[in-house]
Amino acid sequence: MNDFLLTPIEFLKGVGPQRAELLRAEVGIFTFGDLLNYFPFRYIDRSKYNRIDELIYLDSFAQIRGRIIQVSESGSARHKKLSAKFQDESGVIDLVWFQGGKWIKPLLKIGSEYQIFGKAKLYGATWSIPHPELTEWKDVSQKSGLQPVYSSTEKLSSKGLHSKGIEKLTAALVMQIKGKIPESLPTYLISENKLISRESAYFFVHKPENEPHYIHARLRLKFEELFFLQMELLLRKQLGMRKSRGFVFEEVGQVFNDFYNHFMPFQLTGAQKRVLKEIRKDFLTGHHMNRLLQGDVGSGKTLVALLTMLIGIGNGFQAALMAPTEILAQQHFETLKELIKELPVNLELLTGSTKKKNRKIIHEGLENGSIHILIGTHALLEDVVQFSNLGVVVIDEQHRFGVAQRAKMWRKNTIPPHVLIMTATPIPRTLAMTFYGDLDVSVIDELPPGRKPITTSHRYESYRLRVFGFMKEQIKLGRQVYIVYPLINESETLDFNNLMSGYEAISRAFPLPDYRVSIVHGQMKAEQKDFEMQRFVKGETQIMVATTVIEVGVNVPNASVMIIESAERFGLSQLHQLRGRVGRGAEQSYCILMSGDKLSKDTLRRLETMVRTNDGFEIAEVDLQLRGPGDLMGTQQSGLLNLKIADLAKDQQLVILAREEARKILGLDPELQQPVHATLKLILSEVLRSKPNWGKIA
Ligand code: ADP
Ligand code: MG
């Protein structure tokens, strides 16, 4: 960094102490450099407008030029709503404000021309745009080119620093940067990748005259951001490799061999074998294993977990398996207990509902080493849970655990135990590469043999009778059916009423004595839930009406139809998990997504994706594009994905490129000793010093 970039923001013309204080407090802009890095989130191109009669999709962004023809207010004092009718040459829409009407209203001049921008929604039969960006046409800067749009806050806006105010500041600043922005990338990297200079990039990202300007500017800045991220990850990995010590498991051991030779329920798939080999290799390095195992629902991760733990036990260590929910922990416990019942391996279950007396016995067994495998929930993390010699930790469904929680497991032995993290929510490769830069990744990309792909369809309400007809056919063939309702929040009365009226409708359409219907939801007592579940498992009932409580932990191979009600309300990965409840037997299975007719573009894309593919990775890719990576897991905690301009979902090609370039450089010059890499070294040593060592625990 140099003096120019570090200049305090109050020294910029048009700022001053008062605004500077606000910029610091509201958006973290302290210096000239910070302001340059405060990027526009879009550009207004005045040559492109939408016509009102072209609005088709919900939630799509629209920019419209037109006139306000009417303004009205409604609602009581506390819930006042302001609305305006807005007209262009093709039609009329509503603009609505649920908040801030008081200061918006004076800005709405009937008959004046405006440019508006916002997300189109449909209420009843009328299109409307809630809380649009609104600019009077005469104020839309008339010079040619593109207008950058910056995010602002209420406080900033009140001091004139709405988007346009910020634009004035950045415009003033970029006029001064000539010769003052040092290049951060090696020259050869810039020319090989046809990037523009850092200085030009900062200029054009804030002041583009045409589209290619900002495209090139953003490309350069994104590349830089991703490249330094990758360099950082790779360097940390290099450092980590040298340092962290781990237990060595010389051989697979007796229990593993006994199990493998005599009690394996089936042959391992090729993918399971490959993953085991990777794990075996880790155990021999003398370093600590930190491996992520990705495998779609039903790909057979549990068996890999068991074999991994048996290796630890055969080498004189204990193992722990941690699951995110009680149902799942219970299920693992039962499955594994059955598998190893002939072996001299002692297995225990510890969850929040373990009785105090048993808890104490388990604690003792762990400390004196008589318990070999402990299965459980968060309860395992508690400090009172101490092992005599913990060597392997398996964490199932890692995304539900926070980073700090995972770190706790590391401290349960003097040398950290080996860690295998299993996830059924496949993480797209580019993201895994970035997010888990310092983790090794294994993939089970093959399902056990004999599975038939599930046939998925999307149906509207008008199709319901035919869906019922199809259910009857399947039940006649001896199959069973799930019907899942969204009860996102189990206490939501509205959702609960829908579930109950759904249950009644089903009971009417599928009457006794020919049909029997079970119901399971979160408000039922545990025993009652279990009882209903068991009836379905045993085949005493043919239909199971349920909420997402069945998302994990249910295995009924005879169930071949999954009907998901109000499918538009579920996220993609949840739909995929739910669908994974069927297709577990030899029969052809079906998944039917029921939805209303008014769907947003994104929702349609979700449902279409489900219909098109069963591939968890492909689904995860689409999910990432629709939601952005922040949502996918507890990414915020690592501070890693605080990207300013790059987008891991949309810029995947660039992520790959940045990764390759970073690898190439560190391959040739691991210590960054060559003169061409002096700047890189300087920047990176600063980065490594300033961030906490999250790499150890991610
Ligand atoms: P997940 O990866 O979703 O945790 P599971 O471990 O529960 O999957 O395995 C799903 C089902 O596949 C289980 O019923 C399991 O017994 C079975 N299974 C696992 N591995 C194999 C295999 N190699 N061959 C046949 N069936 C297998
Ligand atoms: Mg599993």
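A quick note: this is a predicted structure, and the numbers were derived from the prediction, not measured.

Peer 1: Describe in detail the sheet that holds strand S13 (residues 373-376), supporting the description with residues and values.
Peer 2: With respect to topology, 7 strands assemble into an open sheet ordered S12-S13-S11-S14-S15-S10-S16, the strand pairing being parallel. Taken across any chain shown, the strands that pair with only one partner, and hence form the sheet edges, are strand S12 (347-350) and strand S16 (440-444). Strand-to-strand, the axes of this sheet are offset by a mean angle of 20°, without reference to chain direction. In this structure, strand S11 (residues 318-322) lies alongside S13, joined through 4 bridges in parallel fashion. The residue of S13 that forms the bridge with Leu321 is Ile375. Lying over the sheet, helix H11 (residues 270-284) contacts strand S10 (290-295), strand S14 (390-396), strand S15 (418-423) and S16, oriented at roughly 160° with respect to S16. Where helix H12 (residues 301-314) meets the sheet, its contacts fall on S10, S11, S13, S14, S15 and S16, and the angle it forms with S14 comes to roughly 170°.

Peer 1: Tell me what's going on with the site of ligand 1, and back it up with residues and numbers.
Peer 2: Near ligand 1 lie 15 residues; those nearest to it are Gln267, Gly298, Lys301, Thr302 and Arg451. In this structure, Gln272 approaches ligand 1 through a side-chain N or O atom, which is 2.8 Å from a nitrogen atom. Contact distances for ligand 1 include 3.4 Å between an oxygen atom and a backbone N or O atom of Ser299. Of the residues in the shell around ligand 1, the class split is 4 nonpolar, 8 polar and 3 charged.

Peer 1: Give me the packing of H12 against helix H13 (residues 326-339): which residues, what numbers.
Peer 2: Packing of H12 against H13 brings their axes to within 11 Å, and their N-to-C directions diverge by 60°. Relative to H13, the element H12 lies oblique. Crossing of H12 over H13 shows right-handed handedness. For the pair formed by H12 and H13, the contact residues are Thr302, Leu303, Leu306 and Met309 on the first element and His332, Leu336 and Leu339 on the second.

Peer 1: Could you give an account of the environment of Ala323, naming the residues involved and the relevant values?
Peer 2: Here Ala323 is to be found in the loop between S11 and H13. A residue is classified by how much of its surface remains accessible, and Ala323, at 1% relative accessible area, is buried. Considering only alpha carbons, one finds Ala323 and Thr351, 28 residues apart in sequence, at a separation of 9.8 Å.

Peer 1: Quick rundown of the pattern of salt bridges? Include the residues and the values.
Peer 2: Within this structure, the stated rule accounts for 23 salt bridges. Ionic pairing is found between Arg51 and Asp53, a salt bridge with its closest N-O pair at 2.8 Å. Note that Arg464 is salt-bridged to Glu565, the shortest N-O span being 2.7 Å. A residue pair is termed long-range when its members are at least 10 positions apart, and Arg464 in helix H17 (residues 464-476) and Glu565 in the loop between strand S21 (559-564) and helix H20 (572-579) qualify at 101 residues. Judged by its relative accessible area of 6%, Glu565 falls in the buried class. Each of Glu183, Arg198, Arg220 and Glu224 takes part in salt bridges that share partners, so that together they form one network.

Peer 1: Just give me the short version of the sheet that holds strand S6 (residues 121-123), but keep the residues and values in it.
Peer 2: Paired through backbone hydrogen bonds, the strands of a sheet run either parallel or antiparallel to each other. Within the open sheet, the 7 strands sit side by side as S6-S7-S4-S3-S2-S5-S8. Their pairing is mixed. Strands with a single pairing partner mark the edges of an open sheet, and in this sheet they are S6 and strand S8 (133-136). Going from strand to strand, the sheet's axes swing by 45° on average, the running direction of each strand aside. Of the strand pairs in this sheet, strand S2 (residues 61-74) and strand S3 (residues 81-88) are connected by 7 bridges, and their pairing is antiparallel. Each bridged residue has a counterpart across the sheet, and for Gln70 the counterpart in S3 is Lys85.

Peer 1: Please set out the domain arrangement of the protein residue by residue, giving values where relevant.
Peer 2: Domain boundaries assigned for the protein yield domain 1 (48-143), domain 2 (254-283 + 299-423) and domain 3 (455-613). Here domain 1 and domain 3 have C-alpha centroids that lie 40 Å from each other.

Peer 1: Go over the packing of aromatic side chains, please, and point to the residues and values.
Peer 2: Using the criterion set out here, one finds 16 aromatic pairs in the structure. Residues Phe468 and Phe510 carry aromatic rings whose centres are separated by 5.4 Å and whose planes lie at 75° to one another, so their mutual orientation is edge-to-face. Of this pair, Phe468 sits in helix H17 while Phe510 sits in the loop between helix H18 (493-509) and strand S19 (517-520), placing them 42 residues apart in sequence. The same class applies to Phe468 and to Phe510, which are both buried. Centroid distance Phe470 to Tyr590: 4.9 Å. Interplanar angle 85°. Geometry classified as edge-to-face. Of this pair, Phe470 sits in helix H17 while Tyr590 sits in strand S22 (residues 590-595); the two residues are 120 residues apart in sequence, bridging distant segments of the chain. The rings of Phe247, Phe249, Phe283 and Phe317 are connected pair by pair, giving a single aromatic cluster. Above the face of the Trp137 ring, Arg65 is positioned so that its terminal group lies 3.7 Å from the ring centre. It is Arg459 that lies over the ring of Tyr463; its NZ or CZ is 4.3 Å from the centre.

What counts as what
Residues numbered from 1 in each chain as written. Chains lettered and ligands numbered in written order. Predicted model: local features only at pLDDT ≥ 70, side-chain atom pairs only at ≥ 80, totals over all residues. Heavy atoms only, no water. Pairing = 2+ DSSP bridges. Helix = DSSP H or I, 4+ residues; strand = E, 2+ residues; numbered from the N terminus. Axes fitted to C-alpha atoms, helices over the stretch in contact; angles between N-to-C directions. Contact = heavy atoms within 4.5 Å. Near = heavy atom within 4 Å. Polar contact = N/O pair within 3.5 Å; in protein donor to acceptor, adjacent residues only side chain to side chain. Nonpolar A, V, L, I, M, F, W, Y, C, P; charged D, E, K, R; others polar. Parallel < 35°, antiparallel > 145°, perpendicular 65-115°, else oblique. Left-handed = near helix turned anticlockwise from the far one by under 90°. Buried < 20%, exposed > 50% of the residue type's maximum accessible area, 1.4 Å probe, protein only. Salt bridge = Lys/Arg side-chain N within 4 Å of Asp/Glu carboxyl O. Domains from an automatic or database assignment. Phe/Tyr/Trp six-rings, centres within 6.5 Å; stacked < 30°, edge-to-face > 60°. Lys NZ or Arg CZ within 6 Å of the ring centre and 35° of its normal.

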